[in-house]
Amino acid sequence: MSATADVRGPVTRSRRSTVTGAGGGGARVKQANGSKCNDAGGKPPQHLVKTSTDAEVSRHASNKKVDRRLGVPEQQQQQQQQLLTHSPRKQRSAAEEINEKLRCHVLQESLLSSASGYSNYRGILNWCVVMLVLSNARLFLENIIKYGILVDPIQVVSLFLKDPYSWPAACLIIVSNVFILAALYIERRLSVGTISEWTGWILHIFNLTSMLIFPSATVLAVTSMTPVGGVVSLGVYTVLFLKLYSYQDTNRWCREIRQAKAKTLTRSYSCPSVAESNGSAVHTNVSYPGNLTHRDMYYFVFAPTLCYQLNFPRSPRIRKRFLMRRLFEMLFLMQLLVGLIQQVQSLFPPLLSFPLPSQVPNHLIWLIFFYWFFHSTMNFVAELLQFGDREFYKDWWNSESVTYFWANWNIPVHKWCLRHFYKPMMKKGINKFMAQMAVFLVSAFFHEYLVSVPLKMFRLWAFMGMMAQVPLAWFVGRFLNGNYGNAAVWISLIIGQPVAVLMYVHDYYVIHYGTTK
């Protein structure tokens, strides 16, 4: 054998005797630990300890039990750990840790960049509101200094009543119950088959048409009807017209489903039977024709929605604090709106010749009205009735197109148009553009109806302003997008609506006062 083989032979035998030996092996272990040996008083062979240490270093000292058996000194174990610590991998991790502690720059975009994904601009919104209020405060302050405080609570009553003993608007609203009950009784006859579908449809058409003609004729004929009273009464009748149209449409769909022998109906919550259980109301569902009750009808009449369904989503309880906050907002904002309108009235004659300064105050009044009606008032009614669907508006202020604004600033009307007008037209094969034109045409009619009839003058400014949204929507959608489209929508809101209002104010002022100077 070679010299290498001679060396390997004793080493292998020494390992076997060291690990597995019972007598002499134990003596050698004690010698390796530095203690005296009873059998042989000399030191162990150096090649035993050296070879064992080299073997364990090559294994990275991963097994402590083997280290004790091999008898590696603690000092050598520390040296092995230091060797492992100073390995290239450990050195790299230590350098990365140091770099991480010293790092102060990362790859990121500026917050105002669209690529950053940042969307919380509440502070900027508050700043815009403060600037809007401050910019109008100067105009109101000058107005107060020049004309004095013109807010008069008694004058508010005169907006609704010319004669304290005559309440034409209130009486007209009370009479609307006749049309409500007529729709209910027609549906009851249809549900039991007393009258045919064709006869029921004719009766519904007559009832709905009367709801538009009767109040408008009353407003035009009764001299004691004020413009504000006429707007309120016609607004109520318009809402009831849309509600009752949805009511008859939905019940007709239920009859079609029943005739098709459908076993179940889609249900949420509407006018339920209420039972008390552990202090909370437990609601049960209703199905057709069990929904044709006075309670169900009047729940739908007062609910903040225009689309009828057999069962509406219901909130579990009435939150009293939420209800009181909305009530406080309603009362406060109503007084603020009346005060601002009365204060701006003194500016009408000079502004009619140069109308631009009035657009910002008018726009501010419109924003306050939006919050008062769509947030405070409708949430108050919904909370009182435990109506669960509170999506009365969406983020129309982020509109990048005119169509997006009209679809999201008034969700109840948008849902009605989509459900009862736009989709039925699409199912009949009418193309999308013509269906959209028809929706704008109907909307323009009701805008003009609610303005011209109470003012008792027909100028079609509201109708033309609404129809002008069609080419504006095409232009913005074709040539503008992103922030430019949003700016175009805001410009149309700030300039367009106040101009239409001032046109009616100009004509009304000329008719009743003979001059604008």
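All residue numbers refer to positions counted from 1 along the written sequence of the respective chain. Totals for whole chains, interfaces and linings use all residues, but because this is a predicted model, local features are given only for residues with pLDDT of at least 70 and pairs of side-chain atoms are given and counted only at 80 or more. The side-chain quantities take in all heavy atoms of the structure and omit both hydrogens and water.

An unreviewed UniProt entry annotates the protein as O-acyltransferase originating from Mastacembelus armatus. As recorded by UniProt, the Sequence similarities (unreviewed entry) comment attached to the protein reads in full: "Belongs to the membrane-bound acyltransferase family. Sterol o-acyltransferase subfamily." UniProt positions are given in the numbering used here, feature names are shortened, and annotations may be inferred rather than shown by experiment.

**Some details on the overall build of the protein**
Under the scheme used here, helices are H or I runs from DSSP no shorter than 4 residues and strands are E runs no shorter than 2 residues, and both carry numbers assigned from the N terminus. Counting its regular elements, the protein contains 21 helices and 2 strands. By the convention used here, residues are in contact when the closest approach between their heavy atoms is within 4.5 Å. Partitioning the contacts of the protein with sequence separation of at least 6, the portion at a separation of at least 24 is 71%. Computed with a 1.4 Å probe, the accessible areas rest on the Shrake-Rupley method; for each residue, only the protein chains presented here act as cover. With an accessible surface of roughly 32100 Å², the protein has 64% of that area assigned to carbon and sulfur atoms.

**Side note on the UniProt feature "active site" (unreviewed entry) in the protein**
Those places that UniProt annotates as "active site" (unreviewed entry) correspond, in this numbering, to His447. Tracing the sequence through the fold places His447 in helix α18 (residues 432-455). Throughout, exposure labels follow a simple rule: accessible area from a 1.4 Å probe, protein chains only, divided by the maximum for the residue type, with under 20% read as buried, over 50% as exposed, and the rest as partly exposed. The class of His447 is partly exposed, set by a relative accessible area of 34%. Non-local contacts of His447, meaning those with residues more than four positions away in its chain, are made with Ala462 and Met466.

**Considering the nonpolar core**
Remark: nonpolar core denotes a set of buried residues (Ala, Val, Leu, Ile, Met, Phe, Trp, Tyr, Cys) joined through side-chain atoms within 4.5 Å. Within the largest apolar cluster, 63 residues are counted, with the highest numbers of intra-cluster contacts made by Met211, Tyr247, Met297, Trp396, Phe405, Trp406 and Trp409. Apart from residues lying up to four places away in sequence, Met297 is in contact with Ile180, Ala183, Leu184, Leu244 and Tyr247. Counting residues in hydrophobic clusters, the runner-up holds 10 residues, among them Leu323, Met330, Trp372 and Phe380.

**A word on the side chain of His204**
Within the secondary structure, His204 sits in helix α10 (residues 197-221). Not counting chain neighbours up to four residues away, the residues in contact with His204 comprise Ala183, Ile186, Glu187, Leu190 and Gln248.

**Quick word on the packing of aromatic side chains**
Stacked, edge-to-face and tilted are the three classes for Phe, Tyr and Trp ring pairs, Trp counted by its six-membered ring, which pair at centre distances within 6.5 Å; planes under 30 degrees apart are stacked, over 60 edge-to-face, the rest tilted. All chains considered together, the criterion is met by 35 aromatic pairs. Judged by centre distance (5.9 Å) and plane angle (45 degrees), the rings of Phe241 and Phe446 are tilted. Remark: Phe446 occurs in helix α18 and Phe241 occurs in helix α11 (residues 227-259); sequence separation between them is 205 residues. Under the relative-accessibility criterion, Phe241 is labelled buried at 13%.

**Describing the pattern of salt bridges**
The salt bridge definition used is simple: a Lys or Arg side-chain nitrogen within 4 Å of an Asp or Glu carboxyl oxygen. Summed over the entire model, instances satisfying the criterion amount to 9 salt bridges. For Arg390, the salt bridge goes to Glu383, with nearest N and O atoms at 2.9 Å. Overall, the relative accessible area of 22% leaves Arg390 in the partly exposed class. With a closest N to O distance of 3.9 Å, Glu391 and Lys394 form a salt bridge. Residue Glu391 is classed as partly exposed on the basis of its relative accessible area, which comes to 33%. Overlapping salt bridges bring together Glu187, Glu197 and Arg255 as one network.

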